[in-house]
Amino acid sequence: MVVELREYKLLDGARQQWLDWMKTELLPYQRSQGMKILSTYVYQDENGDDWFIWTREFNDTEHKEQVYANTYNDWWIAEIRPKVFTLLDQANIRVRLLTPVDLS
């Protein structure tokens, strides 16, 4: 299993527009391409900036690579990616791979 933790700093005033777009277009599209969305969160940091946090799960590295190839295609690059950066601070996007730990 491969789990991604993704953290996006939202531009000022973009929180609700981002959440609406994620709910109506981005998440349904990504799910249709085989992504499993585990959770979504928002928080406001000590500077008053809004952040969107989410986790995605893939079966393994090969599955992740295939889903990425299907999802981030020419349409995504031309149509979706430019819109993303009208709502997110491009310099403050973090993607981390999480490793499960058995503590039982």
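So, here's what we can say about the structure. No experiment lies behind these values; they were computed from the predicted model shown.

The rules we used
- The numbers attached to residues start from 1 for each chain and follow its sequence in the written order.
- Restriction of local features to residues with pLDDT of at least 70 applies here, the model being predicted, together with a cutoff of 80 or more for giving and counting side-chain atom pairs; totals for whole chains, interfaces and linings are based on all residues.
- Excluded from the side-chain calculations are hydrogens and water; all other atoms, namely the structure's heavy atoms, are used.
- DSSP bridges decide pairing: two strands pair if at least two such bridges lie between them.
- For helices the rule is a DSSP run of H or I covering at least 4 residues; for strands it is a run of E covering at least 2, with both sets numbered from the N terminus onward.
- Helix axes are fitted only over the stretch in contact, all axes being lines through C-alpha atoms; the angle between N-to-C directions runs from 0 to 180 degrees.
- Note on ring pairs: Phe, Tyr and Trp rings are taken, using the six-membered ring of Trp, and paired if centres are within 6.5 Å. Classes follow the plane angle, with under 30 degrees stacked, over 60 edge-to-face and the rest tilted.
- The buried label goes to any residue with under 20% of its type's maximum accessible area, the exposed label to any with over 50%, and the partly exposed label to all in between, with areas taken from a 1.4 Å probe on protein chains only.
- A ring is considered to have a charge above it if a Lys NZ or an Arg CZ atom is located within 6 Å of its centre and within 35 degrees of its normal.

## Comments concerning the sheet that holds strand 4 (residues 88–98)
For step 1, the next point in the chain: Within the open sheet, the 4 strands sit side by side as 2-3-1-4. Their pairing is antiparallel. Each edge of the sheet is formed by a strand with only one pairing partner; in this case those strands are strand 2 (36–44) and strand 4. Neighbour-to-neighbour, the strand axes of the sheet open up by a mean angle of 15°, direction not taken into account.
For step 2, the next point in the chain: Note that strand 2 and strand 3 (residues 50–58) share 8 bridges and pair antiparallel.

## Quick word on the packing of aromatic side chains
For step 1, the next point in the chain: Tallied over the entire structure, the rule returns 13 aromatic pairs.
For step 2, the next point in the chain: Note on Tyr8 and Phe52: the rings are 6.4 Å apart at their centroids and 35° apart in plane angle, and the pair reads as tilted. You can see Tyr8 sitting in strand 1 (residues 2–10) and its partner Phe52 sitting in strand 3, a full 44 residues away along the chain.
For step 3, the next point in the chain: When the centroid spacing of 6.1 Å and the interplanar angle of 75° are considered together, the rings of Tyr8 and Trp54 count as edge-to-face. Of this pair, Tyr8 sits in strand 1 while Trp54 sits in strand 3, and the two are 46 residues apart along the sequence. The exposure classification of Tyr8 matches that of Trp54, with both residues buried.
For step 4, the next point in the chain: Among the aromatic residues, those joined into a ring-pair cluster are Tyr29, Phe58, Tyr68, Tyr72, Trp75 and Trp76.
For step 5, the next point in the chain: Across from the ring centre of Tyr68, 5.0 Å away, lies the NZ or CZ of Lys64, which sits over that ring.

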